2 protein chains.
Amino acid sequence: MERTDDLGALVFRLGRRLLAMEQPILARHELSMWAYAVLTGLRDGPMRTQAALAASIGADKTRLIPVLDDLQQRGLIEREPDPTDRRVRLLGLTTAGRQTHQSIEADIRSGEDEILASVPEQDREAFIRTLLALSPR
Amino acid sequence: MERTDDLGALVFRLGRRLLAMEQPILARHELSMWAYAVLTGLRDGPMRTQAALAASIGADKTRLIPVLDDLQQRGLIEREPDPTDRRVRLLGLTTAGRQTHQSIEADIRSGEDEILASVPEQDREAFIRTLLALSPR
DNA sequence: TATTGTTATACTCTATAACTATA
DNA sequence: TATAGTTATAGAGTATAACAATA
């Protein structure tokens, strides 16, 4: 298949388009993209350190801290020292955090479906399969 | 097809991976990503205004200016006032600019092929086809 | 008065390194 | 001494608005 632009440019533009779609949804919940990434990172279970969470979502641990401060203060995550090693913070979603995540996720999924609507079913499946295979972590 | 993470996260991560692959190639030529985007934008022919070029590569016109200054000074682009409207700058690649672009493009293409190597032919074609369909402009 | 390009500036994002508290 | 988390800070990237030159 002949390509005109490089893959990087195409992926970059699609990323911007997806971000533009997600931005108003996140703004309605007053959450940043990284805050939403944190909720997603904790969706499948608690984490034992902030560094592990940061690595799992591809963020720097230092820039996660104000995000975690905010999410904790708003009651969307739990964050308490591990009694067996008080350097460590145990992280998990609260019920409110889980609900917020699910609500945002549903809206984002709708937006994605709209964007993907014009793509034939077979290509759509191959596209997502390839994306999963090529995205690190 | 069931998705675990949202499309945005997957596209974002793939974008970072592609950028990491391109960075050392561009560094060898001492060019930024935007400088390369400019060369790509002029590859298929000259442009009549800087604003048009900026729009065509999805950049802000103000942040293109230092990039154009540098490319012009290094003899990779031509940039001269339109005699019929001296507000306008006519933009085009020099021979050196075209050669530089082709050299970088070939290296980037190799890097992409490596990344795509593990993806089955059919999926790879559907992936690129879908990317072209979904990337604005 | 409108348009192209330019400059200045302020704002955000990000990474680095230094610091604290525990172990 | 090593590790988890935190803070401070500097650097890069970006957007906004003001400005100069043409039309």
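Conventions adopted
The numbers attached to residues start from 1 for each chain and follow its sequence in the written order. Chains carry letters and ligands carry numbers; both start at the beginning, A for chains and 1 for ligands, and go up in the order they are written. Reporting of local features is limited, given that this is a predicted model, to residues whose pLDDT is at least 70; pairs of side-chain atoms are given and counted only at 80 or more, and all residues count toward the totals for whole chains, interfaces and linings. Excluded from the side-chain calculations are hydrogens and water; all other atoms, namely the structure's heavy atoms, are used. Under the scheme used here, helices are H or I runs from DSSP no shorter than 4 residues and strands are E runs no shorter than 2 residues, and both carry numbers assigned from the N terminus. Helix span, as expected, comes to 1.5 Å for every residue beyond the first. What the bend at a residue measures is the angle between two axes, fitted to the seven residues ending there and to the seven starting there. Each residue is placed in one exposure class: buried if its accessible area under a 1.4 Å probe, protein chains only, is under 20% of its type's maximum, exposed if it is over 50%, and partly exposed if it falls in between. By the convention used here, residues are in contact when the closest approach between their heavy atoms is within 4.5 Å. One heavy atom within 4 Å of a molecule or strand is enough for the residue carrying it to be called near that molecule or strand. Under this definition, polar contacts are N or O atom pairs within 3.5 Å; protein pairs additionally need one hydrogen-donor-capable and one acceptor-capable atom, and for neighbouring residues in sequence, both atoms have to be side-chain atoms. Under the grouping applied here, Gly and all other residues not named as nonpolar or charged are polar, the nonpolar ones being Ala, Val, Leu, Ile, Met, Phe, Trp, Tyr, Cys and Pro and the charged ones Asp, Glu, Lys and Arg. Here a pair means two rings of Phe, Tyr or Trp (six-membered ring of Trp) with centres within 6.5 Å. Their orientation is stacked below 30 degrees between planes, edge-to-face above 60, and tilted elsewhere. We count a salt bridge whenever a side-chain nitrogen from Lys or Arg sits within 4 Å of a carboxyl oxygen from Asp or Glu.

Trainee: Go over helix α4 (residues 61-73) of chain A, please, and point to the residues and values.
Mentor: Residues and elements named next belong to chain A. Taking 1.5 Å per residue, 13 residues should reach 18 Å; α4 reaches 18 Å between its end C-alpha atoms and fits that length. Of all the bends in α4, the greatest measures close to 25° and is centred on Val-67. All of the buried residues along α4 are Leu-64, Val-67, Leu-68 and Leu-71. Its buried side turned inward, α4 meets α2 (33-43), α3 (50-56) and β1 (77-82).

Trainee: Describe the protein's contact with DNA strand C, listing the residues and the values that go with them.
Mentor: The full set close to DNA strand C counts 17 residues, and Arg63(A), Arg87(A), Gln50(B), Arg79(B) and Arg87(B) are the nearest of them. A share of 64% is what sugar and phosphate atoms reach among the atoms of DNA strand C within 4 Å of the protein. Within the side chain of Arg79(B), one N or O atom sits 3.1 Å away from a phosphate oxygen of DNA strand C. Arg87(B) places a side-chain nitrogen or oxygen 3.1 Å from a base oxygen of DNA strand C. Breaking the surface near DNA strand C down by element, the ones donating at least two residues are α4 and β2 (85-93) of chain A together with α3 (50-56), α4 (61-73) and β2 (85-93) of chain B. Looking at the surface near DNA strand C residue by residue, the classes come out as 4 nonpolar, 4 polar and 9 charged.

Trainee: Hey, could you go over the packing of aromatic side chains for me, with residue numbers and the actual values?
Mentor: Applying the stated rule across the entire model yields 3 aromatic pairs over all chains. Here Phe127(A) and Phe127(B) contribute two aromatic rings whose centre-to-centre distance is 5.4 Å and whose plane-to-plane angle is 20°, an arrangement assigned as stacked. Note that Phe127(A) is positioned in helix α6 (residues 121-134) and Phe127(B) in helix α6 (residues 121-134), a pairing that runs across two chains. Accessibility expressed as a relative area gives 0% for Phe127(B), which makes it buried.

Trainee: Can you lay out the protein's contact with DNA strand D for me, pointing to particular residues and giving the numbers?
Mentor: Around DNA strand D, the structure places 17 residues, and the nearest of them are Gln50(A), Ala51(A), Arg63(B), Arg86(B) and Arg87(B). Within the side chain of Arg87(A), an N or O atom sits 3.1 Å from a base oxygen of DNA strand D. One of the side-chain nitrogen or oxygen atoms of Arg63(B) is found 2.5 Å away from a phosphate oxygen of DNA strand D. Listing elements by their share of the surface near DNA strand D, those giving two or more residues are α3, α4 and β2 of chain A together with α4 and β2 of chain B. Considered class by class, the residues forming the surface near DNA strand D number 4 nonpolar, 4 polar and 9 charged.

Trainee: Just give me the short version of the pattern of salt bridges, but keep the residues and values in it.
Mentor: Where side chains of opposite charge bring their charged atoms close, a pairing between them can arise. Inspection of the entire model under this criterion finds 22 salt bridges over all chains. For Arg48(B), the salt bridge goes to Asp82(B), with nearest N and O atoms at 2.3 Å. Residue Arg48(B) is located in the loop between α2 (33-43) and α3, and its partner Asp82(B) is located in strand β1 (residues 77-82); the two are separated by 34 residues in the primary sequence. Residue classification places Asp82(B) among the buried positions, given a relative accessible area of 6%. A salt bridge links Glu112(B) to Arg109(B); the shortest N-O distance between them is 3.6 Å. In this pair, Glu112(B) and Arg109(B) both sit in helix α5 (residues 95-116), 3 residues apart, roughly one turn of the helix. Connected through shared salt-bridge partners, Arg43(A), Asp44(A) and Glu105(A) make up one network.

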